[in-house]
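Here is how the chains run, residue by residue.
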Amino acid sequence: MSARPDGQQSLSAAFGRPLVLAVFVLTLLFLVAPIVVTFVASFARDWTGVLPSGFVSVRHWERVLGFAAYQDAADYSLRLGEMLATLPRDPFAAFGKTPLFRSVFLALGGVAINLVVGVPIAYAVARYDFRGREWLNAIAVLPLAPGIILGIAFLRAYPELSGTDFGLIVGYSLLKAPFMVLAVQSSFEAMELRQLEESARSLGASWLRTFLVVVVPNAKRGIVSGAIICWALAAAEFNFSYVVYSRGARPLALFLKANISNSSFETTAAAVSVFFVLIAGVTLALQLLGNRGFATR
Amino acid sequence: MSRITIDDVTKRFGDTTAVDGVSLDIDDGEILGVVGPSGCGKTTTLRTLAGFETPTSGRVLFDGDDVTHRPPETRNVGLVFQSYALFENMTVRQNVEFGPKMQGVSGDERRERATDLLSMLGIPELADRDPATLSGGQRQRVGLARALAIEPHILLLDEPMTGLDAKLKTRLREEVGDLLSELDVTALYVTHDQVEAMEMCDSIAVMNDGQVEQVGTPREVYESPASSFVSEFVSLDVPDFAFVDGAP
């Protein structure tokens, strides 16, 4: 942006940029403030007055993570204490005891299915013209049913899957598939897919090898971001989990709901904060894994 | 390198005929330019040679071998695209070594070939770079090195200079032309730019509407066009153009 010869600034320099900046900052503050308040409050002993007091207390975190008992008898914690106690005796059962690991595992299962199903669909739609292409695209990309409806339909059709890990994983993958397909598809559409593929074929790579060694790694960005979005949304999926869950460790969304309904604000704040930390951690992990996993150089 | 024959090839897509009874011969070491307006069938002809299209009728021969129904990965054909289509998940060197690797060439020889090709193209220092960081001209050279690394029967170039700026184009034209003749590469050079074809190719096929209107040296095509279409298409607006043969 350069000043005009007559010394006046252009309209966009004078007003446009500050305005955009102001809107951006305000939006950011508006969105970030609740997260910061929640996080800070989770370390307060109590918040009965105007401001929270009694910093820094980890009491609420201990409760939520399951290292200290709740005040009333009911236990809505992540049961990490119980898990650690069981670990030496029965490692397999131990991880199933905590909502934390169960949720991470269930959501990852959904992501895995979406990778196996979604990436080929995105590829087919981006690469080929075929009868029913529009339909396949629409079905893959439209979130067909809200979680609550899918959940009820699921229980009607497959009552034996109610509350099982398999049922939850399949449901999460169905619900979140559009996000994977969209992310990967846009990645495919941004590159010269056909020419890339034909180059590899002419150099002697079979179709399958081309797909695995050239096509998929070139769509890395879309695949990694698709996986992150799918995971985060599946871990936070409330409706479907609420309908289908019946036993075992609660999925995270239900753990949050239980705390919101039953615990003090500070304990709930700790529960929500655990969730933020978890989302940030898994996002980071998938990003690193994605970058490493595809690096062939 | 090989002698390439396209024998009466026709390719229809549904009701449209993209290539209509085309016969072309490319001698060992010859560079044949295929020029014509867009939609004239020149790219379909190239794709038929590469094996990405199977002709509706007619044959494709490499050194007398009928390869009409062979899949692309077994034809040993080098492809250079307008978009270069470099593998961005690999370094420049890995791009160049990709073909030999697929063909089972040993690691040592692969490295040697890649090193040789990259220095021949004047870009040995780019070997460990990420293709995404290269300029258009550099990418072009990497694409060329990658296609040449498999020692192909024929090099197919599909509008390789389109999209480069005029100055670079002029320089690359000369360099690539020299390199191709030096390496004695058999090549099919598809372009809509008749000046480019005249400067780089040993002979030129002018296509229109799926058919070959004329084949000849650049001079023949320019000085005695077989049809009004050819004369119109090859008319040069370059005043001091020099033909490859050097004669005035």
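Residues numbered from 1 in each chain as written. Chains lettered and ligands numbered in written order. Predicted model: local features only at pLDDT ≥ 70, side-chain atom pairs only at ≥ 80, totals over all residues. Heavy atoms only, no water.

**Some details on the overall build of chain B**
Argument step 1. Each helix and strand counted, chain B has eight helices and ten strands in total.
Argument step 2. Computed over C-alpha atoms, the radius of gyration of chain B comes to 18 Å, within 12% of the 18 Å expected from 2.2 N^0.38 for 248 residues, which places it in the range of a compact globule.
Argument step 3. Scored against the burial criterion, the 248 residues of chain B give a buried share of 55%.
Argument step 4. Long-range pairs, those at least 24 residues apart, make up 68% of the contacts in chain B between residues at least 6 apart in sequence.
Argument step 5. Of the roughly 10,400 Å² of accessible surface on chain B, 44% is carried by carbon and sulfur atoms.
Argument step 6. The average position of the 22 basic charges and that of the 43 acidic charges among the side chains of chain B differ by 7 Å. (Helix = DSSP H or I, 4+ residues; strand = E, 2+ residues; numbered from the N terminus. Rg over C-alpha atoms; globule rule 2.2 N^0.38 Å. Buried < 20%, exposed > 50% of the residue type's maximum accessible area, 1.4 Å probe, protein only. Contact = heavy atoms within 4.5 Å. Areas by Shrake-Rupley, 256 points an atom, 1.4 Å probe, with all protein chains shown as cover. Lys, Arg positive; Asp, Glu negative; His and termini not counted. Charge placed at Lys NZ, Arg CZ, Asp CG, Glu CD.)

**Here we look at the sheet that holds strand E3 (residues 31-35) of chain B**
Residue and element names in this part refer to chain B.
Argument step 1. The strand order across the open sheet formed by six strands is E6-E7-E8-E3-E9-E10, and the pairing between neighbours is mixed. Here the strands that pair on one side only, and so sit at the sheet edges, are strand E6 (77-80) and strand E10 (211-216). This sheet shows a mean twist of 20 degrees between the axes of neighbouring strands, independent of strand direction.
Argument step 2. Sheet topology note: the E3/strand E9 (residues 203-208) ladder contains four bridges and is parallel. Following the sheet pairing, Leu32 is matched in E9 by Ser203.
Argument step 3. Packed on one face of the sheet, helix H1 (residues 42-50) meets E3, E6, strand E7 (154-158), strand E8 (187-191) and E9 and runs near 150 degrees to E7. (Pairing = 2+ DSSP bridges. Axes fitted to C-alpha atoms, helices over the stretch in contact; angles between N-to-C directions.)

**Regarding the interface of chain B and chain A**
Argument step 1. With 25 residues of chain B in contact, the opposing surface of chain A contributes 21 residues.
Argument step 2. Both sides together, the interface formed by chain B and chain A hides about 2,100 Å², and carbon and sulfur atoms give 55% of it.
Argument step 3. It is Glu73, Asn89 and Met102 of chain B in chain B that bury the most area against chain A; as a group they hold 30% of the surface buried on that side.
Argument step 4. At the junction of chain B and chain A, the tally comes to two salt bridges. (Buried area = accessible area lost by both parts, 1.4 Å probe. Salt bridge = Lys/Arg side-chain N within 4 Å of Asp/Glu carboxyl O.)

**Focus: the nonpolar core**
Argument step 1. Core analysis: the biggest nonpolar cluster contains 94 residues, and Phe188 and Trp231 of chain A together with Leu49, Phe98, Ile154, Leu156 and Leu188 of chain B have the highest contact counts within it.
Argument step 2. When neighbours within four sequence positions are excluded, Trp231 of chain A is seen to be in contact with Val104, Ala107, Leu108, Val111, Leu278, Ile279, Val282 and Leu286 of chain A.
Argument step 3. Listed in part, the 43 residues of the second largest apolar core include Val80, Leu118, Ile204 and Val206 of chain B. (Core = buried A, V, L, I, M, F, W, Y, C linked by side-chain atoms within 4.5 Å.)

**So, the pairing of E3 of chain B**
Residues and elements named next belong to chain B.
Argument step 1. Within E3, five of the five residues are buried, leaving the element largely enclosed by the surrounding structure.
Argument step 2. A two-sided burial pattern is seen for E3, the buried positions comprising Ile31, Gly33 and Val35 on one face and Leu32 and Val34 on the other.
Argument step 3. Bridge analysis of E3 against E8 gives five bridges, and the strand direction is parallel. Residue Leu32 lies in a different strand from E8, and its bridge partner there is Leu188.

**A closer look at the environment of Leu180 of chain B**
Argument step 1. Within the secondary structure, Leu180 of chain B is located in helix H5 (residues 166-183).
Argument step 2. Along the chain, Leu180 of chain B and Leu155 of chain B lie 25 residues apart, while their C-alpha atoms are 9.4 Å from each other.

**Topic: a negative patch on the surface**
Argument step 1. On the surface, a cluster of negative charge is contributed by Asp28, Asp63, Asp65, Asp66 and Asp184 of chain B.
Argument step 2. Here Asp184 of chain B shows up in the loop between H5 and E8. (Patch = residues over 30% accessible without salt bridge, like charges linked within 9 Å, V, L, I, M, F, W, Y side chains within 5 Å.)

**Describing helix H7 (residues 147-157) of chain A**
All names here are of chain A.
Argument step 1. Along H7, the positions that sit buried rather than exposed are Gly147, Leu150, Gly151 and Phe154. Considered in projection along H7, the buried side chains sweep an arc of 100 degrees and stay on one side of the axis.
Argument step 2. Those residues of H7 that are buried are in contact with helix H8 (165-189) and helix H12 (239-244). (Arc of directions from axis to C-beta.)

**Some remarks on the packing of H8 of chain A against helix H11 (residues 220-235) of chain A**
Residue and element names in this part refer to chain A.
Argument step 1. It is at 8 Å that the axes of H8 and H11 come closest, and there the two elements cross at 160 degrees. Between H8 and H11, the angle is such that the two are roughly antiparallel. For the crossing formed where H8 meets H11, the hand is right-handed. Seen from H8, the contacting residues are Tyr172, Lys176, Phe179, Met180, Ala183, Val184 and Ser187; seen from H11, they are Gly222, Ile223, Ser225, Gly226, Ala227, Ile229, Cys230, Leu233 and Ala234.
Argument step 2. Its residues placed into classes, the contact of H8 with H11 shows eleven nonpolar, four polar and one charged. (Parallel < 35°, antiparallel > 145°, perpendicular 65-115°, else oblique. Left-handed = near helix turned anticlockwise from the far one by under 90°. Nonpolar A, V, L, I, M, F, W, Y, C, P; charged D, E, K, R; others polar.)

**Re the pairing of E8 of chain B**
Argument step 1. Counting buried residues in E8 of chain B gives five out of five residues, a clear majority hidden from the surface.
Argument step 2. Here E8 of chain B shows a buried face lined by Ala187, Tyr189 and Thr191 of chain B and a second buried face lined by Leu188 and Val190 of chain B.

**Some words on the UniProt feature "transmembrane region" (unreviewed entry) in chain A**
Residue and element names in this part refer to chain A.
Argument step 1. As recorded in UniProt, the sites labelled "transmembrane region" (unreviewed entry) are residues 20-44, 100-123, 135-154, 166-188, 223-245 and 265-289.
Argument step 2. Split by type, residues 166-188 is 100% helix and 0% strand. Its first and last C-alpha atoms lie 30 Å apart.
Argument step 3. Helix makes up 83% of residues 223-245 and strand 0%, and the two end C-alpha atoms of the span are 29 Å apart. (UniProt positions renumbered as here; feature names shortened; annotations may be inferred.)

**Thoughts on the environment of Gln103 of chain B**
Argument step 1. Along the chain, Gln103 of chain B turns up in the loop between helix H2 (92-102) and helix H3 (107-120).
Argument step 2. Overall, Gln103 of chain B belongs to the partly exposed group, its relative accessible area being 36%.
Argument step 3. When the C-alpha positions of Gln103 of chain B and Thr74 of chain B are compared, they lie 9.2 Å apart, and in sequence the two are 29 residues distant.
Argument step 4. Leave out the neighbours within four places in its chain, and Gln103 of chain B touches Leu203 of chain A together with Asn76 and Ile150 of chain B.

**Description of the confidence of the model for chain B**
Argument step 1. Looking at chain B as a whole, the pLDDT averages 88, with 94% of positions reaching at least 70.
Argument step 2. Confidence, read as mean pLDDT per element, is least for H5 of chain B in chain B (83) and greatest for H2 of chain B (95). (pLDDT = per-residue confidence, 0-100.)

**Topic: the UniProt feature "domain: ABC transporter" (unreviewed entry) in chain B**
Argument step 1. Mapped onto the present numbering, the UniProt feature "domain: ABC transporter" (unreviewed entry) falls on residues 4-234 of chain B.
Argument step 2. Across residues 4-234 of chain B, the secondary structure splits into 37% helix and 26% strand, with the terminal C-alpha atoms separated by 25 Å.

**Description of the sheet that holds strand E1 (residues 4-13) of chain B**
What links the strands of a sheet is backbone hydrogen bonding, and the strands pair in either a parallel or an antiparallel sense.
Residue and element names in this part refer to chain B.
Argument step 1. Reading across from one edge, E2-E1-E4-E5 is the order of the four strands in this open sheet, with antiparallel pairing throughout. Bordering the open sheet on either side are strand E2 (16-26) and strand E5 (65-66), each of which pairs with just one other strand.
Argument step 2. Relative to strand E4 (residues 57-62), E1 is paired through five bridges, and the arrangement is antiparallel. Counted as the bridge partner of Thr10 is Ser57 from E4.

**Quick word on helix H4 (residues 136-148) of chain B**
Argument step 1. Over its 13 residues, H4 of chain B runs 18 Å from end to end, which matches the ideal 18 Å to within 8%, given 1.5 Å per residue.
Argument step 2. Burial runs high along H4 of chain B: eleven of the 13 residues are buried.
Argument step 3. By the burial criterion, the buried members of H4 of chain B are Gly137, Arg139, Gln140, Arg141, Val142, Gly143, Leu144, Ala145, Arg146, Ala147 and Leu148 of chain B.
Argument step 4. Close packing links the buried residues of H4 of chain B with helix H9 (193-202) of chain A together with E6, H2, H3, E7 and H5 of chain B. (Expected span 1.5 Å × (residues − 1).)

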